[in-house]
Amino acid sequence: MSEQTYKRLPGRSRRFLFNSTLWEGGDHILLVHTHGITESYRRFFYSDIQAIVFCQTKSGLVMTIVLGVLAVIFGVPAFFVPLEWAVALGILAALLFALAAINHLRGPTCLCTIRTAVQTQELPSLNRTRIVRKVLARLQPAIAAAQRVGASP
């Protein structure tokens, strides 16, 4: 039996005790969900894919605004309190501002789903628009070739 080789696609979803990654196989995409110490796998064959749909969400913008507001809330009082507190509040404000900047620089967030004839599955690892475009550019030739071969009379 030949061994299947996989290449990890860009993007990763990390949450508390939950990770999700997407892998490119020879004739399919493999979605890997890790829940604590267990893994589950789902294959999507290129010939079965009807659509990969993504829509931009506002959650990244909201998170950036919340982190920025918290940075201001902790940063402004740092100018009016004793030095010991000012250092602690300044460090906290700088950390929150850095997180807001990183979130903003990562680009807009999105929700991505893959559709086949029998199911629609969310792809949590494709959660930024830039990453989805990169993955689609990489997968589009393979999907088109698999569906062109299957459509021949």
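Above this text you will find the structure in question.
Residues numbered from 1 in each chain as written. Predicted model: local features only at pLDDT ≥ 70, side-chain atom pairs only at ≥ 80, totals over all residues. Heavy atoms only, no water.

Observations concerning the overall build of the protein chain
Heads up, the rule is: Per the convention used, a helix needs a DSSP run of H or I reaching at least four residues, while a strand needs a run of E reaching at least two, with both numbered from the N terminus. With the radius of gyration taken over C-alpha atoms, the globule rule is written as 2.2 Å times the number of residues to the power 0.38. Only protein chains enter the accessibility calculation, which uses a 1.4 Å probe. A residue is then buried if its area is under 20% of the maximum for its type, exposed if over 50%, and partly exposed in between. Residue contacts are defined here by distance: any two heavy atoms, one from each residue, within 4.5 Å place the two residues in contact. Accessible surface is estimated by sampling points in the Shrake-Rupley manner with a 1.4 Å probe; for residues, cover comes only from the protein chains shown.
Check the secondary structure of the protein chain and you find 3 helices and 8 strands. Written out in order from the N terminus, the α and β elements of the protein chain read β-β-β-β-β-β-α-α-β-β-α. At 21 Å, the protein chain has a C-alpha radius of gyration far larger than the 15 Å of a compact globule built from 153 residues. The principal-axis extent of the C-alpha atoms belonging to the protein chain is close to 80 × 30 × 25 Å. Within the protein chain, the proportion of its 153 residues that are buried is 33%. Put simply, of all contacts in the protein chain between residues at least 6 apart along the chain, 49% involve residues at least 24 apart. In the form shown here, the protein chain has an accessible surface area of approximately 10100 Å², with 65% of it arising from carbon and sulfur atoms.

Quick notes on the pattern of salt bridges
Put simply, the rule is: We define a salt bridge as a contact between a side-chain nitrogen of Lys or Arg and a carboxyl oxygen of Asp or Glu at a distance within 4 Å.
Scanning all chains against the criterion turns up 1 salt bridge. Residue arginine 138 pairs with glutamate 24 through a salt bridge whose shortest N-O separation is 2.9 Å. Placement of the pair is arginine 138 in helix H3 (residues 129-151) and glutamate 24 in strand E3 (residues 18-24), with a sequence separation of 114 residues.

Section: the environment of valine 53
Assignment of secondary structure puts valine 53 in strand E6 (residues 51-56). Residues valine 53 and proline 77, spaced 24 residues apart in sequence, show a C-alpha to C-alpha distance of 45 Å. Not counting residues up to four positions away in its chain, the partners in contact with valine 53 are Leu111, Cys112 and Thr113.

Here's the deal with a nonpolar patch on the surface
Rules: Exposure above 30% relative accessible area and no salt bridge define the residues that can form patches, which grow by joining like charges within 9 Å and nonpolar side chains of Val, Leu, Ile, Met, Phe, Trp and Tyr within 5 Å.
A contiguous nonpolar patch, built from Leu61, Val62, Ile65, Val66, Val69, Leu70 and Ile73 and spanning about 580 Å² of accessible area, is present on the exposed surface. Topologically, leucine 70 is positioned in helix H1 (residues 59-75). Residue classification places leucine 70 among the partly exposed positions, given a relative accessible area of 32%.

Topic: the pairing of strand E4 (residues 28-35)
Within a regular strand, side chains alternate between the sheet's two faces. Defined as follows: Two strands pair under a simple rule: DSSP has to find at least two bridges between them.
With respect to burial, E4 is a largely interior element, 7 of its 8 residues being buried. Sheet topology note: the E3/E4 ladder contains 7 bridges and is antiparallel. What sits directly across from phenylalanine 18, in E4, is histidine 35. Connecting E3 to the antiparallel partner E4 that follows it, the hairpin turn spans 3 residues. In terms of strand pairing, E4 meets strand E5 (residues 38-45) through 8 bridges, oriented antiparallel. When the sheet's bridge partners are listed, threonine 34 is paired in E5 with glutamate 39. Between E4 and the antiparallel strand that follows it, E5, lie 2 residues; glycine 36 among them carries a positive phi value of about 65 degrees.

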